[in-house]
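Structural description and commentary
Listed below are the residues making up each chain.
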Amino acid sequence: MNAMHWADQLAAKIIERGKQEKRIPNIKCQQTPSGGKHIGNLNDVSRSYYPYKSVIEQGHKCTFVHTSDDRDPMKEVPKRLADLDGKWHDAEKIFNFKKYIGIPYFMIPDPFGCCESWSEHFTKVWMDGVYALGMHPKLYYVNDLYEQGKFEKYILTVFKKRESVGEIVAKFQATKTRDYIPFDAICPNCGKLANINNFDLKTKKVFFTCGGKRIKKLESEGCGYEGSVSISQGKLQWRFEWPALWGIFNTTYEPFGKDHAEGSWPAGKEIAKEVYEFEPPIPFVYEFFLISGQKMSASKGNVYIVQDMLKIIEPEVMNFFYVKRPEKQRDLDLARIFQLVEEFDLAERIYFGADKGRTENREENYKRMYELVQNKIPKKLPIRVGYSLLAELSQVYNKEMVIKKLKDLGHLKNATKQDIEINKNRFILASNWLKLYAPENMRFKVNESVSKDIIKKLNEKEKSGLKLLKEKLKNKNYNEENLFNEFYSICKEVNIDSKDFFKAAYLVLINKERGPRLASLIISIGRYKAIDLLKQIG
């Protein structure tokens, strides 16, 4: 096993910690069901799953859990909401959000009316995406844990150690004083969270006035209710709830983003040790990534869920993005998603010995990455046609016709039924990508004929080059590499700049000055169609 990969390095630490503590290690991740959780949040799950998978592969036991933090209050209003099929809807048209600011998600109705609550609906949307990638942590709803009394000893500990808790609160939160109690009651009158002002350890009740609360940039308006509730009808604030969850699950390892590394983690680590009196889990800080150069934000509406991504790439390709080094910020450029697909295809070929990496270490790393992202490793190298080629072909052929074309081009030689299905599926994904995210130069429509206006734009050198290309195509059936090299031979023979030659060819074929790779384009549309258009220039 390649110990160089980050997942294997973490697995070794997790196994060792389990041995030291003489227990089965636990790996935990979590999300708040605030709406359509974008793929940036998948970092938590993937950075948990791959070390978990490595531990299991090495023959050790390990538990893997995921909490849905549904006692968290609604903090902001999403612009879009995803239904259970992963389709997006304009939030303002289906739901009045403002009155629910400050209310826990488990108490908010499902805006689509198909589930018992907001929490259940959006947890299902999220977990359906996680499961589709082959990751299956055991799911727990935090509200259930409170109702089952799992948090009780941690809540009572916070109350009993009020003085030291106050010091920690003041140390890490400049806006809080030493007498602040990091616990909120759920108001039985309006359902909103309200900070408590006192508690009774004997009756296990908390006392409060529902006076509103600042939640991020929004203000939750209280109803003025004064009274008490059981501690089971409240919530530890985040910095104390997070380490309490470590205690509930005996968590050995949990990854988190750099935002928590600079804020919640230092506090949580101290709370675990000084208040709850146990060792915090092994931490792992990952870097966030961008989508097409921008930070994703649910409130801005520029988010993508797993279901969006699986419309354009295979699950194993999606997983491949997350198995890369997590300490480095990356940009998942949707307009160039074919590059990720190509890298996955390379890793697959390297794994089966059909290609090599630039260095031995890189080759071994690719092999390990491929093992980790596959739920079931194929017995032999699958035949996968290039994603970009399939995107080009989707503008000329339908799903059934493209298989015949690929066979004619020699791409599916000795293909099994499974290979055929793999490429039919990839064809659909590439076609979807082309419609949704492809840059304009990748999109084209093949000319039915060459108009007089196009011919007028061509000078004599360009015409000579294209006529020579026509003759070459008549006499030889090229593959993409040989045809590409032929272009430059033609340019040299007629003494034309290659840029001018390519521009002229694109005009004649697709009425654009730029387009997909010219050799690939000609092969995609077929040499006879290309010859027919080229001969029309006179």
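Please refer to the structure placed before this passage.
Overview of the structure. Each residue is numbered by its place in its chain's sequence as written, counting from 1. Reporting in this predicted model follows two pLDDT cut-offs: at least 70 for local features of residues, and 80 or more for side-chain atom pairs to be given and counted; totals over whole chains, interfaces and linings ignore these cut-offs and use all residues. Based on all heavy atoms of the structure, the side-chain values leave hydrogens and waters out of the count.

**Points about the environment of Cys223**
- Secondary structure elements follow DSSP: runs of H or I no shorter than four residues count as helices, runs of E no shorter than two count as strands, and numbering proceeds from the N terminus. Tracing the backbone through its elements, the reader meets Cys223 in the loop between β10 (218-220) and β11 (226-230).
- Each C-alpha atom of the pair Cys223 and Gln9 lies 52 Å from the other, and the pair is 214 residues apart in sequence.
- Those residues in contact with Cys223 that lie beyond four places of it in its chain are Cys187, Asn189, Cys190 and Cys210. By definition, residues are in contact when any of their heavy atoms lie within 4.5 Å.

**As for the environment of Ile510**
- With respect to the helices and strands, Ile510 occurs in helix α21 (residues 498-510).
- By relative accessible area, which is 4% here, Ile510 ends up buried.
- Measuring from C-alpha to C-alpha, the distance between Ile510 and Ile383 comes to 30 Å, with 127 residues separating the pair along the chain.
- Dropping the residues within four chain positions of it, Ile510 is found in contact with Phe444, Lys445, Val446, Asn447, Gly515, Pro516 and Leu521. Burial classes follow relative accessibility: with a 1.4 Å probe on protein chains only, a residue under 20% of its type's maximum area counts as buried, one over 50% as exposed, and anything between as partly exposed.

**Regarding the environment of Met127**
- Inspection of the secondary structure puts Met127 in helix α4 (residues 118-132).
- Here Met127 falls in the buried class, since its relative accessible area comes to 2%.
- In sequence terms Met127 and Trp88 are 39 residues apart; their C-alpha atoms lie 17 Å from each other.
- Beyond its immediate stretch of four places on either side in the chain, Met127 contacts His66, Pro137 and Leu139.

**Comments concerning the nonpolar core**
- By size, the foremost hydrophobic cluster in this structure holds 76 residues, and its most contacted members are Ile39, Tyr50, Ile337 and Trp433.
- By residue number, the principal contributor to this core is helix α13 (residues 337-351), which donates seven residues.
- Discounting residues that sit within four places of it in the chain, Tyr50 has contacts with Trp6, Ala7, Met135, Asn319, Tyr322, Val323, Leu372 and Val373.
- Among buried residues, those of type Ala, Val, Leu, Ile, Met, Phe, Trp, Tyr and Cys that are joined through side-chain atoms within 4.5 Å constitute a nonpolar core. Val446, Ile455, Leu469 and Ala505 belong to the second largest nonpolar core, which has 37 residues in total.

**A word on unusual backbone geometry**
- Phi at Lys204 is positive, roughly 60°, even though this residue is not glycine.
- For Lys204, the location among the structural elements is in the loop between β7 (193-200) and β8 (205-209).
- For Lys204, a relative accessible area of 31% translates into the label partly exposed.
- Within the chain, Ser292 stands out as a residue other than glycine whose phi angle is a positive 50°.
- Inspection of the secondary structure assignment puts Ser292 in the loop between β15 (290-291) and α11 (306-309).

**Brief notes about the pairing of β8**
- Where burial is concerned, the two faces of β8 differ: the one with Val206 and Phe208 is buried and the one with Lys205, Phe207 and Thr209 is not.
- Note that β7 and β8 share four bridges and pair antiparallel. By the bridge assignment for β8, Asp200 is matched with Lys205.
- Whether two strands pair depends on DSSP finding at least two bridges between them. Where β7 folds back on β8, the antiparallel hairpin that results is connected by four residues, among which Lys204 adopts a positive phi of roughly 60°.
- The sheet contact formed by β8 and β11 spans five bridges and is antiparallel.

**Notes on helix α10 (residues 264-276)**
- Between its terminal C-alpha atoms α10 stretches only 16 Å, short of the 18 Å expected from 13 residues at 1.5 Å a residue.
- Here α10 has its buried residues at Ser264, Trp265, Ala267, Gly268, Ile271, Ala272, Val275 and Tyr276.
- Where α10 ends, the next residue or the one after it, Glu277, has phi of about 65°, a positive value. By this rule the span expected of a helix is its residue count minus one, scaled by 1.5 Å.

**Concerning the packing of aromatic side chains**
- Ring pairs are drawn from Phe, Tyr and Trp, using the six-membered ring of Trp, whenever the two centres fall within 6.5 Å, and their geometry is named by plane angle: stacked under 30 degrees, edge-to-face over 60, tilted for the rest. Counted according to the given criterion, the structure contains 41 aromatic pairs.
- With a centroid separation of 6.1 Å and an interplanar angle of 75°, the aromatic rings of Phe352 and Tyr370 are classed as edge-to-face. Of the two residues, Phe352 sits in the loop between α13 and α14 (360-373) while Tyr370 sits in helix α14, which places them 18 residues apart along the sequence.
- Given a relative accessible area of 0%, Tyr370 falls into the buried group.
- With 5.2 Å between their ring centres and 65° between their planes, Phe484 and Tyr488 make a pair best called edge-to-face. With Phe484 and Tyr488 both in helix α20 (residues 480-494), this residue pair falls four residues apart, about one helical turn.
- Exposure remark for Tyr488: the relative accessible area of 40% places this residue in the partly exposed category.
- An aromatic cluster is present here, built from Trp6, Tyr49, Tyr50, Tyr52, Phe64 and Phe284 joined pairwise through their rings.
- Only Lys NZ and Arg CZ are tested; either one counts as a charge over a ring when it is within 6 Å of the ring centre and within 35 degrees of the ring normal. Lying over the aromatic face of Trp88, Arg80 brings its terminal NZ or CZ to 4.0 Å of the ring centre.
- Above the face of the Tyr180 ring, Lys176 is positioned so that its terminal group lies 5.2 Å from the ring centre.

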